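A structural walkthrough
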Amino acid sequence: MEKLTTVEEYEAMTPEEVKIFEARLRRAAKRQGLYLQKVRRRDPRARDYGTYYLLDERGNPAVHDGQGGGIYLLNIEQALFGEEVAA
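1. What about the sheet that holds strand 3 (residues 61–63)?
- With respect to topology, three strands assemble into an open sheet ordered 1-2-3, the strand pairing being antiparallel. Edge strands, defined here as strands with exactly one partner in the open sheet, are strand 1 (35–38) and strand 3. On average, each strand axis in the sheet is tilted by 50 degrees relative to the strand beside it, whichever way the strands run.
- Taken together, the four bridges between strand 1 and strand 2 (residues 52–55) define a ladder with antiparallel strand orientation.

Printed below as a string of structure tokens:
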């Protein structure tokens, strides 16, 4: 199993590195029959701004935060690579 990204590593990423990380997670999700969708919230003060949905083939959330909002990329990585998700 590969090493998961830490919060410190994620925060140190450049915008280009974040895009690469997101693309890697999209490919991993697709291999598992899932779809990664970015939440389209435009207000940076919104609770789910900058989060994502991991959806199954029917569009139902495969992983969620328990409150109907999106989750962060690090939690998506944990879900895709078999780690316990702490939302």
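2. Comments concerning the nonpolar core
- The biggest cluster of nonpolar side chains holds 17 residues, and the ones touching the most others in it are Leu25, Leu36, Leu54, Leu73, Ile76, Leu80 and Phe81.
- Elements with a minimum of two residues in this core: helix 2 (15–31), strand 2 and helix 3 (73–80).
- Here this core gets five residues from one element, more than from any other, and that element is helix 2.
- Not counting chain neighbours up to four residues away, the residues in contact with leucine 80 comprise Leu25, Ala28, Ala29, Gln32, Leu34 and Leu54.

3. Concerning the side chain of glutamate 22
- By the secondary structure assignment, glutamate 22 is in helix 2.
- For glutamate 22, a relative accessible area of 14% gives the class buried.
- With sequence-adjacent residues up to four places away left out, glutamate 22 is seen in contact with Leu36, Tyr52 and Leu73.

4. Notes on the layout of surface pockets
- The space that makes up the largest pocket amounts to roughly 230 Å³.
- Along its surface, the largest pocket is lined by 14 residues, and Lys38, Val39, Arg40, Arg42 and Tyr52 are the ones closest to its centre.
- Among the elements of the structure, helix 2 and strand 1 are those that each provide at least two residues to the lining of the largest pocket.
- In the lining of the largest pocket, the residues fall into seven nonpolar, two polar and five charged.

5. Some words on the pairing of strand 2
- Looking at chain direction, strand 2 and strand 3 are connected through two bridges and run antiparallel. Its bridge partner lying in strand 3, leucine 55 is registered against proline 61.

6. Observations concerning helix 2
- Here helix 2 is 17 residues long and its end C-alpha atoms lie 25 Å apart, about the 24 Å a rise of 1.5 Å per residue gives.
- If you check which residues of helix 2 are buried, you get Val18, Phe21, Glu22, Leu25, Ala28 and Ala29. Down the axis of helix 2, the buried set is contained in an arc of 120 degrees. They therefore lie on one face. In helix 2, the exposed positions that point more than 90 degrees away from the buried face belong to Glu16, Lys19, Ile20, Lys30 and Arg31.
- Residues of helix 2 that are buried make contact with helix 1 (7–11), strand 1, strand 2 and helix 3.

Parameters at a glance
Along each chain, numbering runs from 1 in the same order as the chain's sequence is written. This being a predicted model, a pLDDT of at least 70 is required before a residue's local features are given, and a value of 80 or more before pairs of side-chain atoms are given or counted; all residues contribute to the totals for chains, interfaces and linings. The basis for every side-chain value is the complete set of heavy atoms in the structure, and neither hydrogens nor water enter the calculation. For two strands to count as paired, DSSP must find a minimum of two bridges between them. Each helix corresponds to a stretch of at least 4 residues labelled H or I by DSSP, and each strand to a stretch of at least 2 residues labelled E; elements are numbered beginning at the N terminus. Helix axes use the C-alpha atoms of the stretch in contact, all axes being lines fitted to C-alpha atoms, and the angles between their N-to-C directions lie in the range 0 to 180 degrees. Among buried residues, those of type Ala, Val, Leu, Ile, Met, Phe, Trp, Tyr and Cys that are joined through side-chain atoms within 4.5 Å constitute a nonpolar core. Working definition: with a 1.4 Å probe on protein chains only, accessible area under 20% of the residue-type maximum means buried, over 50% means exposed, and in between means partly exposed. Contacts were defined at the residue level, with two residues in contact if any of their heavy atoms lie within 4.5 Å. The rule is simple: put a 1 Å grid over the protein atoms alone, call a set of points where a 1.4 Å probe fits but cannot get out a cavity, call an open set with protein on both sides within 12 Å along at least five of seven lines a pocket, and count a residue as lining if it has an atom within 4 Å of a point. Grid points are joined across faces, edges and corners, and a volume is the space filled by probe spheres set on the points. Classes in brief: Ala, Val, Leu, Ile, Met, Phe, Trp, Tyr, Cys and Pro nonpolar; Asp, Glu, Lys and Arg charged; the others, Gly included, polar. For a helix, the expected span equals 1.5 Å multiplied by the residue count minus one. Relevant arc is that of directions from the helix axis to the C-beta atoms, nothing else.

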